[in-house]
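Summary of structural features
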Amino acid sequence: MQLRFIWILFISLSFYSQDKSKQLLFVGNSLTYTNDLPKIVEHIASNFNETVETIALCYPNYALVDHLKEGKLQKLLKTGTFDYVIVQQGPSSQNEGKQMLLNDGARIKVLCDDNGSQLAFFMVWPSKYYYHTFDAVIANHKLAAKTNNALLCPVGELWKAYDTVKGLETLYSTDDFHPSKAGSFLAALTIFNTIYPDKTLKDLPFEMSQTWMTSKDSFHSIIKLINNKNLKK
């Protein structure tokens, strides 16, 4: 009888563990698929004994409106399997990009609400050439998240703060726009912390990041910045 109870308990815990897994849909372009950012999120989650499964719907130069026109996004959301839908487009510092974030974000928000998903905006960063537009990038993403009652993954804001610290490894790749491996790690950790705000990031060992980070100081600076940002829901 006792062995039977233990077996039933084991089966129950197994199903409970499966139920705890989170399904993430990433919708964006090359700023997301460079360095396979969604898989970095999965890796980070595994270090906290959390199961995260991701699907990436990302194509070169796509804005949110392009995904809506194509129709794959709607089909995926109708499956009702995604806990979070993380949307990303270009920097969107100008009024056209701002309106796309607001209006197309609103259309995706309706789809998310209808299918049991939580919408999250992935705030990006400008190229080095347009670095002077950074404040507008941050402001427009904050406005889109607030207006659409969505989560905000403030990657760009943390990116800018990181850039003020001298001697750290660069977040930009050689084209001065796409993320380096370190840039993708910062983005992934920010997204993870938005979804799991109660996890203690300082518990992460530097060794788990070495596929993407080469500097321990840079790694700890990212952890510190995110902790200071306090990404509570």
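Structure first, text after, so check above.
Criteria and cut-off values
- Residues numbered from 1 in each chain as written.
- Predicted model: local features only at pLDDT ≥ 70, side-chain atom pairs only at ≥ 80, totals over all residues.
- Heavy atoms only, no water.
- Pairing = 2+ DSSP bridges.
- Helix = DSSP H or I, 4+ residues; strand = E, 2+ residues; numbered from the N terminus.
- Axes fitted to C-alpha atoms, helices over the stretch in contact; angles between N-to-C directions.
- 1 Å grid on protein atoms, 1.4 Å probe; cavity = no way out; pocket = protein on both sides within 12 Å on 5 of 7 lines; lining within 4 Å.
- Points joined across faces, edges and corners; volume = space filled by probe spheres on them.
- Expected span 1.5 Å × (residues − 1).
- Buried < 20%, exposed > 50% of the residue type's maximum accessible area, 1.4 Å probe, protein only.
- Contact = heavy atoms within 4.5 Å.
- Salt bridge = Lys/Arg side-chain N within 4 Å of Asp/Glu carboxyl O.

A closer look at the sheet that holds strand S2 (residues 52–58)
Pairing is parallel across the open sheet formed by five strands, whose spatial order is S2-S1-S3-S4-S5. Edge positions in the open sheet fall to S2 and strand S5 (151–153), since each of these has one partner strand only. Between one strand axis and the next, the sheet turns through 25 degrees on average, direction left out of account. Strand direction decides the pairing type here: strand S1 (residues 22–28) and strand S3 (residues 84–87), joined by four bridges, are parallel. Across the sheet, Leu24 pairs through a bridge with Tyr84, a residue of S3.

Description of the layout of surface pockets
Of the pockets and cavities examined, the largest pocket occupies roughly 330 Å³. In terms of lining residues, the largest pocket is bounded by 18 residues, among which Asn29, Gln89, Gly90, Pro91 and Ser92 are the most central. Counting residues per element, the lining of the largest pocket draws most heavily on helix H6 (residues 95–114), at three residues.

With respect to helix H7 (residues 134–147)
Taking 1.5 Å as the rise per residue, H7 with 14 residues should run 20 Å; its terminal C-alpha atoms sit 20 Å apart, in good agreement. Those residues of H7 not exposed but buried are Phe134, Val137, Ile138, Asn140, His141, Ala144 and Ala145. Among the structural elements, H6, strand S4 (118–122), S5 and helix H8 (155–163) are those in contact with the buried residues of H7. Trailing H7 by a residue or two, Asn149 shows a phi angle of about 50 degrees, which is positive.

With respect to the pattern of salt bridges
On inspection of all chains with the given rule, the structure shows seven salt bridges. With a shortest N-O distance of 2.9 Å, Glu50 and Lys199 are connected by a salt bridge. Here Glu50 is found in the loop between helix H3 (37–46) and S2, whereas its partner Lys199 is found in the loop between helix H9 (181–195) and helix H10 (216–229), with 149 residues between them in sequence. For Lys199, a relative accessible area of 25% translates into the label partly exposed. In this structure, Asp135 and Lys160 form a salt bridge, with 2.4 Å as the shortest nitrogen-oxygen distance. One end of the pair, Asp135, is in helix H7; the other, Lys160, is in helix H8, and 25 residues separate them in sequence. Residue Asp135 is classed as exposed on the basis of its relative accessible area of 51%. Residue class for Lys160 comes out partly exposed when judged on its relative accessible area of 28%.

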